[in-house]
Amino acid sequence: MAKIQIKDRLQLGLAVLTAKTVTFAVRSLKLGAASVLPGEIARRLQPQLLQLLSRQVKHGVILIAGTNGKTTTSLLLRTMLERQGKRIAHNATGANLENGLMTTLLANTDLVGKLDVDYAILEVDENVVPKVVAAIEPRIILCLNLFRDQLDRYGEVDSISQRWGKAIATLPPDTVVIPNADDPTLSYMGQQLPQKVLFFGLNEPEHYLEEIPHAVDSIYCPSCGHSLDYQGVYLSHLGDFCCPSCGFHKAPVAINSQEYPQILIGLYNKYNTLAAVLAAQQLGVDEATIRDTISNFQAAFGRAEELHINGKHVRILLSKNPVGMNETIRAVNQVRQQSSQLAPVLFVLNDRIPDGTDVSWIWDVDTEKLVDQGGTFIVSGDRVYDMALRLRYSQQEDLQLIVKENLRDAIATALEHTPADQTLHILPTYSAMLEVREVLTGRKIL
Amino acid sequence: MTAFPITHYHPTVLTFMKVTKIELTIGWLYPTLMSTYGDRGNVICLRKRCEWRGYTVKVLPLDQNATAVDFQSVDMIVGGGAQDRQQEIVMRDLRGTKAETLREKIDNGTPGVFTCGAPQLLGHYYEPALGQRIEGLGLLDFVSIHPGTNARRCIGNLVVEVSAKRLAQELAAMIGSPAYLIGFENHGGRTKLGKVEALGKVVQGLGNNGEDGTEGAFYQNAIATYSHGPLLPKNPFVADWLIQTALRQKYQSPISLSPLNDALAQQARDAMFQRLRVKTPVIAQN
């Protein structure tokens, strides 16, 4: 444990004590799960809180950043480590801004500010990465992908990987960086870093898409600006690429993707699996445990999570941005193709802060691919009519569309339309996913 | 859904003309570079509304691979928002005869809808938060300036009453009441209009610059706006105005548009007006 000055120690103790009191108060008054506020208050009492806490984590902090897949990857890595008997702090509720990270660490801290865990797995919002890496000095950083997400909050995605690279480059040389080789900007970032860099990516051309989808952010060379040549695309702009102008190309990967099975459904989960495997290997988890965890993995809430409701099978697929929804549609299509009867699909579109207040992105999603398959579509959420319009403009012939403003009605209707042996797929945005789960399981999780 | 048309166009405006086969080409400006915020919804909306009426539609990308002849061949133009770097790549390509053709088309009344980044390219210049000023075509008399990385982005739901005189009249004639546009703005740059007419007055939101109450611009038959959403699906009368104008330009005779079922668009509009507590004149229904 790093040395801490007496003054800092006192401030830390005060901050921790206050935070714990706040957590207790919030929970006893049933105001929520206290996943953000205690951290925020404690930070004001001790500005270096994040640094003081994270340096106490015994074997190091693992940061997980990226637009999609943070929660599933974290959960997989966490399970691998826990099966080795390690104690983990993890911001499992998805509170991934600075105050959420602090709240997570505080929850594992005793009253004098002593943190006693082996590892901390911290999911970090892509915009917060540059702000927190210096304070946390993580042992491992996973850079999963960068897609268009919540443009209302960030404006533009272009500069994010540059800011990540700049911040990470200042970390100690023994930091391990695990970027996605198939994502051009991250591949480029990794190739520039002085640290130990291990890339993950797919080498499975049989999964190439037939065409590059519209919801693509980065098909221009991050090095020279020329448009990239793709030998094949796995999803969005992730694929096997090279630049015909400057020669920049996909970085060599550290593990062979064909040697690992994947968790859950959807090709995107193959990436999540590979990232977690590389991190686990670096932390000394044995290969048998890694493989066994993959084959027995259960979904994180709302991420391809499966429930049984009144004898019907329900699968919730969080869909919060164009790439995410395109990929969930691809996965749903595969399931529906193999089934004898077409079960309905329920979309729930909200526009609250955690969802992003701009719902324009649904027009970048290839909903046509799902609507073409036919069947009944049910829509709900704060922006139910926006989703309905998107589907109406996807239609070829007849569209069987049911509009339900009320979410309970929407879910009940969807279940009624689902044949007994078939799967109802629900595609919600983030806050909608929490509501859907609440309706289906009868309890709040956050 | 049951089919009942909500949008009723006043039949006096239009007379039936027999044109055996109607074909329209939609030119889409730099689709992979300028479509960051769902603006392809405008293309989808125009295409579907033509197809539902039995027209043949072609969507032609006006990008690096397109020639001036391609630019010349289109009946409607759609341009979407772009990130700063992409906008630079576009402006490097949009030069010479291509730029000249686009300028002529717009000058001669080819209808178009240009959102966010696309209008910045039609104006005199755009000054991004970082980096150099990007020169535009100078076709529409306005400039756009990003006040810096620390300035707040203009983000939120946007309601605009169309004020551009001829457009306001033509839209009002179509729907029987003043036209209110509904959308979502999401821009860092601020636009100051010169002599060009504003598209509308801001009812809710910030519009061109958050100061003078104007939103967008209207020149010949080109609509420039900060409104994503995308604009057309929730303002289907604007889509139909663009189609109508394109048909008139191409076939030199009025062609009546058959009404479509816009019940969902109307519900989406009502829900947003209600949420924003915007009072709009009741849309006349026959």
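Residues numbered from 1 in each chain as written. Chains lettered and ligands numbered in written order. Predicted model: local features only at pLDDT ≥ 70, side-chain atom pairs only at ≥ 80, totals over all residues. Heavy atoms only, no water.

1. Side note on the overall build of chain A
Filter applied, for reference: Under the scheme used here, helices are H or I runs from DSSP no shorter than 4 residues and strands are E runs no shorter than 2 residues, and both carry numbers assigned from the N terminus. The atom set for the radius of gyration is the C-alpha atoms, and the globule formula is 2.2 Å times the number of residues raised to the power 0.38. For each residue, the accessible area found with a 1.4 Å probe, counting protein chains only, is set against the maximum for its type, and the residue is called buried under 20%, exposed over 50%, and partly exposed in between. A 1.4 Å probe and the Shrake-Rupley method give the accessible areas. Residues count as covered only by the protein chains that appear here. Note on charges: Lys and Arg go in the positive column, Asp and Glu in the negative column, and His and the chain ends are not counted at all. We put the charge of a Lys on NZ, of an Arg on CZ, of an Asp on CG and of a Glu on CD.
Scanning chain A from N- to C-terminus turns up 16 helices and 14 strands. What you see for chain A is a C-alpha radius of gyration of 22 Å, in line with the 22 Å of a compact globule of 446 residues. Expressed along its principal axes, the backbone C-alpha trace of chain A runs to roughly 70 × 60 × 45 Å. Burial statistics for chain A: of 446 residues in total, 62% are counted as buried. Of the roughly 17100 Å² that chain A leaves accessible, carbon and sulfur atoms contribute 50%. Averaging the coordinates of the 42 positive side-chain charges in chain A and doing the same for the 49 negative ones gives two points 9 Å apart.

2. Re the interface of chain A and chain B
What counts, and what does not: Residue contacts are counted whenever heavy atoms from the two residues lie within 4.5 Å of one another. The buried area of a pairing is the accessible area, by a 1.4 Å probe, that goes missing from both parts when the two are put together, added over both. Salt bridges, as used here, are contacts in which a Lys or Arg side-chain nitrogen is within 4 Å of a carboxyl oxygen on Asp or Glu. Distance and chemistry together define a polar contact, namely a pair of N or O atoms within 3.5 Å, with one atom able to donate a hydrogen and the other to accept it when in protein, and with adjacent residues in sequence counting only for side-chain atoms on both sides. In the scheme used here, Gly and all other residues not listed as nonpolar or charged are polar, with Ala, Val, Leu, Ile, Met, Phe, Trp, Tyr, Cys and Pro taken as nonpolar and Asp, Glu, Lys and Arg as charged.
Chain A puts 37 residues into the contact, and the matching count from chain B is 43 residues. Three residues stand out in chain A for area buried against chain B, namely Y220, W363 and Y393 of chain A, and they jointly supply 22% of the buried area on that side. Along the contact surface separating chain A from chain B lie three salt bridges. The salt bridge partner of R275 of chain B is D351 of chain A, with a shortest N-O separation of 3.1 Å. Put simply, chain A and chain B have eleven residue pairs in polar contact (both at pLDDT 80 or more) between them. The greatest single-element share of the side of chain A that touches chain B, amounting to six residues, is contributed by helix α14 (residues 384-392) of chain A. Class assignment for the residues of the side of chain A that touches chain B results in 15 nonpolar, seven polar and 15 charged.

3. Digging into the environment of S74 of chain A
Residue and element names in this part refer to chain A. Tracing the sequence through the fold places S74 in helix α4 (residues 70-82). Residue classification places S74 among the buried positions, given a relative accessible area of 0%. Separated by 235 residues in the primary sequence, S74 and I309 have C-alpha atoms spaced 27 Å apart. Not counting chain neighbours up to four residues away, the residues in contact with S74 comprise I64, H90, I121 and E123. At 3.4 Å, the side chain of S74 and the side chain of E123 are in polar contact.

4. Section: the domain arrangement of chain A
Residue and element names in this part refer to chain A. Note the cut-off: For the domains described, the bounds stem from an automatic or database domain assignment.
Here chain A is described as being made up of domain 1 (6-295) and domain 2 (303-441). Computed over C-alpha atoms, the centres of domain 1 and domain 2 are 28 Å apart. Each partner contributes to the roughly 1900 Å² buried at the junction of domain 1 and domain 2, and carbon and sulfur atoms together form 52% of this total. Linking domain 1 with domain 2 are zero salt bridges. For the pair domain 1 and domain 2, the interface holds four residue pairs in polar contact (both at pLDDT 80 or more). At three residues, the largest contribution of residues to the side of domain 1 that touches domain 2 is made by α4.

5. Some remarks on the pairing of strand β13 (residues 400-403) of chain A
Residues and elements named next belong to chain A. The criterion, for reference: Strands pair, by our definition, only if DSSP identifies at least two bridges between them. If you view a crossover with the strands going away from you and the path from the first strand over the helix to the second runs clockwise, you call it right-handed.
Judged from the four bridges that link them, strand β12 (residues 376-380) and β13 form a sheet pairing that is parallel. When the bridges of β13 are listed, F377 appears paired with L401. Taking the sense of rotation as the criterion, the β-α-β connection linking β12, α14 and β13 turns out right-handed.

6. Topic: the sheet that holds strand β10 (residues 312-317) of chain A
Residues and elements named next belong to chain A. As a reminder of what qualifies: For every element, the axis is a line fit to its C-alpha atoms; helices are fit only across the contacting stretch, and the angle between N-to-C directions ranges from 0 to 180 degrees.
Spatially, the six strands line up as an open sheet ordered β9-β10-β14-β11-β12-β13, and their pairing is mixed. Edge positions in the open sheet fall to β9 (303-309) and β13, since each of these has one partner strand only. On average, each strand axis in the sheet is inclined to that of its neighbour by 20°, with strand direction left out of account. Here four bridges tie β10 to strand β14 (residues 423-428), and the two strands are oriented parallel to one another. Bridge pairing in β14 places R315 opposite H425.

7. Structural notes on the sheet that holds strand β5 (residues 176-179) of chain A
Residues and elements named next belong to chain A. Spatial ordering of the open sheet is given by β2-β3-β1-β4-β5-β6, a layout of six strands whose pairing is parallel. Bordering the open sheet on either side are β2 (88-90) and β6 (196-197), each of which pairs with just one other strand. Two strands pair when backbone bridges link them, and strand β1 (residues 61-65) and strand β4 (residues 140-143) are joined in this way by four bridges, in the parallel orientation. Within the sheet, the bridge partner assigned to I62 lies in β4 and is I140. Relative to strand β3 (residues 119-124), α4 is tilted by about 175°, and along the sheet it contacts β1, β2, β3 and β4. Contacts from helix α5 (residues 98-107) reach β2 and β3, with the element oriented near 160° to β3.

8. Quick notes on the packing of aromatic side chains
Residue and element names in this part refer to chain A. Heads up, the condition is: A pair of Phe, Tyr and Trp rings is counted when the ring centres sit within 6.5 Å of each other, with Trp represented by its six-membered ring. The angle between the planes then sorts it: under 30 degrees is stacked, over 60 is edge-to-face, the rest tilted.
The full count for this structure, using the stated rule, is eight aromatic pairs over all chains. Ring geometry for Y188 versus F248: centroids 5.6 Å apart, planes at 85°, classification edge-to-face. Here Y188 is found in helix α9 (residues 184-192), whereas its partner F248 is found in the loop between β8 (238-242) and α10 (268-282), with 60 residues between them in sequence. On the accessibility criterion, Y188 (24% relative accessible area) is partly exposed. Among the residues examined, F248 registers a relative accessible area of 7% and is labelled buried. Through a chain of ring-to-ring contacts, the aromatic side chains of Y188, Y230, F241 and F248 assemble into a single cluster.

9. Thoughts on the side chain of T71 of chain A
All names here are of chain A. Within the fold, T71 resides in helix α4. Judged by relative accessible area, T71 falls into the buried class, the value being 9%. Apart from residues no more than four positions distant in its own chain, T71 is found in contact with E123, A300 and R303.

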